[in-house]
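Spelled out from the first residue to the last, the chains are:
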Amino acid sequence: MANKVLVVDDEVDLVGNLTFFLESEGFQVQSCHSGREVIQKTLSFRPAVIVLDVMMPGVDGFEALRRLKADDEVKDIPVIMLTAMTHKASELTGRGLGAETYLTKPVAYPVLLQEIKRVLPA
């Protein structure tokens, strides 16, 4: 479990690039493209960390985070919000819902990698 990352974003190219980068760093990566899929994918994949976008159609990242943190089976998995939403209020919302980190796009991949390693369970 320690090397598994779930990437949740509706931007297919970004997911592909992040997957390639994280796999080259030794992580096992799976992805989904909507907040609606997060719980199911998390339960089946059991990631150590979730990288979650905010702005997605249907169920957005904040609601997906709310659902994750309300589910006893997955609530302790660290979540890194990765979003184009740069408003301080959005960051406060994400952190208030339980996100460990709030990063804005575009993000330098080494910065994301550092945050993933920082929040990984010991």
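Right above here is the structure, for reference.
Summary of the structure given here. (Residues numbered from 1 in each chain as written. Predicted model: local features only at pLDDT ≥ 70, side-chain atom pairs only at ≥ 80, totals over all residues. Heavy atoms only, no water.)

The next point concerns the overall build of the protein chain. Secondary structure summary: the protein chain contains 5 helices and 5 strands in total. When the helices and strands of the protein chain are placed in sequence order, the string is β-α-β-α-β-α-β-α-β-α. Here the C-alpha atoms of the protein chain give a radius of gyration of 13 Å, agreeing with the 14 Å that 2.2 N^0.38 yields for 122 residues. Judged by the C-alpha coordinates and their principal axes, the protein chain covers about 35 × 30 × 25 Å. Looking at the protein chain as a whole, 48% of its 122 residues qualify as buried. Counted over contacts in the protein chain with a minimum sequence separation of 6, partners at least 24 positions apart contribute 62%. Roughly 6,100 Å² of accessible area belongs to the protein chain as shown, and the carbon and sulfur atoms make up 53% of that amount. Averaging the coordinates of the 13 positive side-chain charges in the protein chain and doing the same for the 17 negative ones gives two points 4 Å apart. (Helix = DSSP H or I, 4+ residues; strand = E, 2+ residues; numbered from the N terminus. Rg over C-alpha atoms; globule rule 2.2 N^0.38 Å. Buried < 20%, exposed > 50% of the residue type's maximum accessible area, 1.4 Å probe, protein only. Contact = heavy atoms within 4.5 Å. Areas by Shrake-Rupley, 256 points an atom, 1.4 Å probe, with all protein chains shown as cover. Lys, Arg positive; Asp, Glu negative; His and termini not counted. Charge placed at Lys NZ, Arg CZ, Asp CG, Glu CD.)

Turning next to the pairing of strand S1 (residues 4–8). The element S1 is largely enclosed, with a buried count of 5 among its 5 residues. Covered by surrounding structure in S1 are Lys4, Leu6 and Val8 together with Val5 and Val7, the residues of both alternating faces. As paired strands, S1 and strand S2 (residues 28–32) are joined by 5 bridges and run parallel to one another. Pairing of Val8 across the sheet is with Cys32, part of S2. Note that the unit made of S1, helix H1 (residues 12–24) and S2 has a crossover that is right-handed. With 4 bridges joining them, S1 and strand S3 (residues 49–52) adopt parallel strand pairing. Pairing of Leu6 across the sheet is with Ile50, part of S3. (Pairing = 2+ DSSP bridges. Right-handed = clockwise from strand over helix to strand, strands pointing away.)

Here we come to the pattern of salt bridges. Counted under the stated rule, the structure contains 10 salt bridges. Its salt-bridge partner being Asp9, residue Lys105 comes within 2.7 Å of it at the nearest N-O pair. Taken as a pair, Lys105 in the loop between strand S5 (101–104) and helix H5 (109–119) and Asp9 in the loop between S1 and H1 lie far apart in primary sequence, 96 residues in all. Here Lys105 matches Asp9 in class, with each residue buried. Here Lys105 ties to Glu11 by a salt bridge, and the two come within 3.1 Å at their closest N and O atoms. You can see Lys105 sitting in the loop between S5 and H5 and its partner Glu11 sitting in the loop between S1 and H1, a full 94 residues away along the chain. (Salt bridge = Lys/Arg side-chain N within 4 Å of Asp/Glu carboxyl O.)

The next point concerns helix H4 (residues 88–97). Listing the buried residues of H4 in full gives Ser90, Glu91 and Gly94. For H4, the angular spread of buried residues about the axis comes to 100 degrees, placing them on one side. Residues of H4 that are exposed and angled more than 90 degrees away from the buried face: Lys88, Ala89, Leu92 and Gly96. Residues of H4 that are buried in the fold lie against helix H3 (61–70) and S5. Looking one or two residues past H4, Gly98 carries a phi angle of roughly 120 degrees, positive in sign. (Arc of directions from axis to C-beta.)

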